[in-house]
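Observations on the model geometry
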Amino acid sequence: LLELMENGSGCLNGSGAADSAEKAQQQQQCPAVQLSERNREAVRVIGQYLRELGLARSAEALVLEAGCPLESGAAAQFRSSVLLGDWDGAEASLASLRRALWRESSWSEIAFRLAEQRYLELLESGAHIAALCVLRGKLTPLQLSPDRLHRLSGLIMCSGPEELRQLSGWSGAAGGTRQALLDSVEQFFPPSVMLPPKRLSVLLDQAVRAQVSRCRHHNTSLSPDQLTLLADHSCQAAASVPSVCSQVLDAHQDEVHVCQFSPNGRFLATGGRDCVAIVWLVEAAANPPGAPRVRHHLTLRIGEERGGVAWLAWSPDSRLLLACAAEEATEVIVWEAETGDCIKKLKHRDEDSLTTAAWLPDSNHFVVGGNRGHFYLCSVDVGFEKAWDFIRVVALATRREDDGGTAVLAADTFARIRRYRFDTMQDETLFREDGPVMSMSISQDETLLAVCVASAGVHLWDLRLRVCRRRLHGLTHGAYLLHASIGGPNQDFVASGSHDARVCVWHRGCQAGDGAQQHLLPDKLSGHGGLVSCVSWNPRHHGMLASASDDCTVRIWLPASLAAAAQAASADGTGPGGAGFSSNGCCSSTVSKHQPPPLL
Amino acid sequence: KSPEFNASYSMGRLHIEHMGGERVFSCANCDCPLTNRQQLISTRFTGATGRAFLFNRVVNLDTSELQDRVMLTGRHMVRDVSCRKCKTKLGWVYEFATEESQQYKEGKIILERALINESEGFPDPVKD
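Residues numbered from 1 in each chain as written. Chains lettered and ligands numbered in written order. Predicted model: local features only at pLDDT ≥ 70, side-chain atom pairs only at ≥ 80, totals over all residues. Heavy atoms only, no water.

1. Observations concerning the overall build of chain B
Scanning chain B for helices and strands turns up zero helices and 10 strands. Beginning at the N terminus, the succession of helices and strands in chain B can be written as β-β-β-β-β-β-β-β-β-β. Considering only C-alpha atoms, chain B reaches an extent of 50 × 45 × 30 Å along its principal axes. For chain B, the share of sequence-separated contacts (at least 6 apart) that also reach a separation of at least 24 residues comes to 47%. For chain B, the exposed area adds up to about 6,800 Å²; of that, 48% sits on carbon and sulfur atoms. One way to put it: in chain B the 18 positive side-chain charges average out to a point 3 Å from where the 17 negative ones average out. (Helix = DSSP H or I, 4+ residues; strand = E, 2+ residues; numbered from the N terminus. Contact = heavy atoms within 4.5 Å. Areas by Shrake-Rupley, 256 points an atom, 1.4 Å probe, with all protein chains shown as cover. Lys, Arg positive; Asp, Glu negative; His and termini not counted. Charge placed at Lys NZ, Arg CZ, Asp CG, Glu CD.)

Here is the structure:
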């Protein structure tokens with residue numbers, strides 16, 4: 001290989017033997033800098049990059065000064081021959097490169113591709129006789145795949161270059177196919193002879209992707225090639241992760257057990273032991289834009305003997321709110337959220353216990369269930385429709401399937417998460433958890449399922465791959481039900497309640513720098529005075545999080561930058577009961593703020 | 001505004017497990033599910049209120065601190081168990097038996113027959 005390198009030292013684009021002597025002289029005149037092996041590789045890669053950008057003179061100057069050719073002379077000769085269309089020259093160079101191949105057998109493949117390009121170009125320019133000669137004299141003797149040979153010989157029937165290009169999928173001599181041929185041939189040679197195509201771009205891309213995977217609060221929709229190279233990428237926590245409590249809502253008279261934002265992000269529903277479901281409006285302040293505030297809208301009552309509101313579910317069109325009761329949960333109530341009108345009170349049997357529910361995409365049908373073994377499909381129009389017997393339901397979610405139908409996902413008391421189709425009456429076990437399931441929550445794009453497992457944490461299951469993607473630890477366990485929520489523009493954030501009165505927020509995409517399996521510890525938000533049982537992300541205003549607690553309040557959390565803006569904007573501290581902002585809701589998160597380096 | 005201490009315990013908040021089974025045992029006071037017939041090991045035990053059953057696994061129980069008790073069968077270290085929902089004392093769990101012949105009881109739970117209900121459950125329809 002060394003020999004191949006020396007054959008054309010300093011020879012960049014095959015300028016021939018005549019120039020190489022001159023160049024060698026020039027080289028001797030420039031004192032060569034002593035370069036280590038790594039440095040030489042770097043120079044080669046940079047030279048390739050410059051050349052690809054079209055800065056050929058800079059590349060040449062670089063090679064001269066470093067005394068380090070980009071590739072072996074024969075390879076350079078091959079490259080320039082192909083680009084110029086000098087096929088015989090290319091063949092000759094190829095012959096001299098033959099020894100350098102990874103595998104001897106690939107030589108015929110390369111020769112075939114070379115001859116194929118030549119053949120197609122000849123056909124394109126109308127030289128059918130010459131093309132036929134190539135077919136017979138060059139392509140056939142190689143004795144490679146007869147299919148390809150057949151296809152190529154068939155192309156001779158094409159009436160013109162247009163048809164040729166169309167039929168073969170080849171973009172023509174001017175269509176960059178020569179460069180494409182070179183790129184495809186590079187893989188057969190070791191890097192010391194020919195550099196892999198676009199090597200520096202590939203390396204830079206890898207570096208940026210590695211930074212993205214380490215980004216603890218990655219929350220941007222920019223693709224890796226849009227991120228700056230000048231500083232290590234790191235999303236600012238202040239912009240994306242909730243850390244400041246911007247509002248304390250204390251309209252409830254007793255423990256709050258559920259909070260849910262509507263799918264359109266305009267409403268927040270909360271409910272708890274005081275047997276009341278409150279609907280709040282989310283208003284995005286006009287000035288400055290993007291600082292959302294929550295305002296009381298309606299108070300809806302369920303019967304006092306019902307033990308409180310156990311679950312609230314919004315219809316997908318955000319119009320209807322369904323409430324399940326905690327005890328004596330024989331009846332579920334559906335209201336219209338805007339007006340507060342009670343649309344439906346659904347009761348099937350006196351011994352029913354319906355403590356959890358989920359809506360189907362048509363915003364008319366919904367499923368309800370409980371751990372006494374009642375599992376029903378109902379609708380607002382008709383009422384009770386179908387029952388699935390003998391399943392003790394703990395949590396419900398729905399998901400659209402490829403055939404247009406909707407699958408109901410139900411977690412049961414045997415720690416199984418199963419998929420039920422009420423239209424075809426088919427069922428299937430998807431996952432088995434290794435501990436009792438407390439609750440379940442599906443992401444907005446229906447790809448991820450967050451399962452709260454007692455004494456274990458939050459497990460994230462991928463619904464397409466059907467595997468557990470993450471086990472999130474760090475929340476405090478106890479005897480009470482906790483709920484989790486998946487949010488963020490790319491379903492990147494998971495939040496859950498905790499028994500230590502704090503809200504846990506994880507970024508699920510962050511990986512440890514060394515790739516090791518590290519327990520992902522959450523950021524913890526302090527402020528509540530009691531157990532936090534439920535959390536909900538706002539699907540429209542990313543970064544806005546609501547949490548419901550035993551201290552009878554609901555807190556709204558915003559990222560620091562938004563919260564500061566919200567505080568500045570509102571002077572009159574509104575909130576039901578005049579609570580307004582709570583300044584003691586500062587975060588105790590372990591997030592360190594990353595600042596980009598200043599421009600020099 | 002802090003709520004007054006509320007002694008009632010809501011089902012919507014406590015995490016209540018359910019073991020299923022065709023014959024379900026639950027708390028006689030509040031109907032909280034506890035265990036089932038498949039977990040029953042022996043009916044020939046005696047508690048404070050009379051007959052008591054020995055079960056392999058029971059859910060939804062709170063345990064007391066460890067107690068040293070001398071019983072008919074010998075000296076044992078036990079914890080009292082009560083219903084997690086209504087806090088009624090239901091029996092005890094054996095943690096340690098001093099006599100070798102009694103060691104089979106370790107980890108198992110005694111529930112007093114008078115304090116639990118037996119009711120009809122249903123078999124698990126899932127076959128896999």
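This is not the end of the story, as more comes after the structure.
2. Things to note about the UniProt feature "domain: CTLH" (unreviewed entry) in chain A
The sites that UniProt annotates as "domain: CTLH" (unreviewed entry) are residues 71-130 of chain A. From the first C-alpha to the last, residues 71-130 of chain A spans 33 Å; its make-up is 75% helix and 0% strand. (UniProt positions renumbered as here; feature names shortened; annotations may be inferred.)

3. Description of the layout of surface pockets
Residue and element names in this part refer to chain A. Its boundaries defined by the atoms lining it, the largest pocket holds a volume of some 900 Å³. What lines the largest pocket is a set of 38 residues, and nearest its centre among them are Q260, P263, I442, S443 and Q444. Counting only elements with at least two residues in the lining of the largest pocket, the list comes to β2 (256-261), β6 (309-314), β10 (356-359), β14 (393-400), β18 (437-442), β22 (484-487) and β26 (532-537). Within the lining of the largest pocket, the residues separate by chemical class into 22 nonpolar, 14 polar and two charged. (1 Å grid on protein atoms, 1.4 Å probe; cavity = no way out; pocket = protein on both sides within 12 Å on 5 of 7 lines; lining within 4 Å. Points joined across faces, edges and corners; volume = space filled by probe spheres on them. Nonpolar A, V, L, I, M, F, W, Y, C, P; charged D, E, K, R; others polar.)

4. A closer look at the UniProt feature "repeat: WD" (unreviewed entry) in chain A
The feature "repeat: WD" (unreviewed entry), as given by UniProt, occupies residues 249-280 and 525-557 of chain A in the numbering adopted here. The annotated region residues 249-280 of chain A carries 0% helix and 56% strand content, and the separation between its end C-alpha atoms amounts to 10 Å.

5. Regarding the side chain of A:E109
Along the chain, A:E109 falls in helix α7 (residues 106-124). What A:E109 contacts, discounting residues up to four positions off in sequence, is A:L144, A:R148 and A:F188.

6. Some words on the sheet that holds strand β17 (residues 426-432) of chain A
In a beta sheet, neighbouring strands are held together by backbone hydrogen bonds and run either parallel or antiparallel to one another. Residue and element names in this part refer to chain A. One open sheet accounts for four strands, arranged β14-β15-β16-β17; its pairing is antiparallel. Of all strands in the sheet, those with a lone pairing partner are β14 and β17, marking the two edges. In this sheet, adjacent strand axes meet at a mean angle of 25° when their direction is disregarded. Direction of pairing for strand β16 (residues 416-421) relative to β17: antiparallel, over a ladder of six bridges. (Pairing = 2+ DSSP bridges. Axes fitted to C-alpha atoms, helices over the stretch in contact; angles between N-to-C directions.)

7. Description of the pairing of β18(A)
All names here are of chain A. Counting buried positions along β18 gives five out of six residues, so the element sits mostly inside the fold. The pairing of β18 with strand β19 (residues 448-453) spans five bridges and is classified as antiparallel. By the bridge assignment for β19, I442 is matched with L449. Count of turn residues in the β18/β19 antiparallel hairpin: five residues, of which E446 carries a positive phi of about 60°. (Buried < 20%, exposed > 50% of the residue type's maximum accessible area, 1.4 Å probe, protein only.)

8. A word on the domain arrangement of chain A
Looking at chain A, the domain boundaries give domain 1 (71-194) and domain 2 (244-568). Domain 1 of chain A and domain 2 of chain A are separated by 61 Å when their C-alpha centres are compared. (Domains from an automatic or database assignment.)

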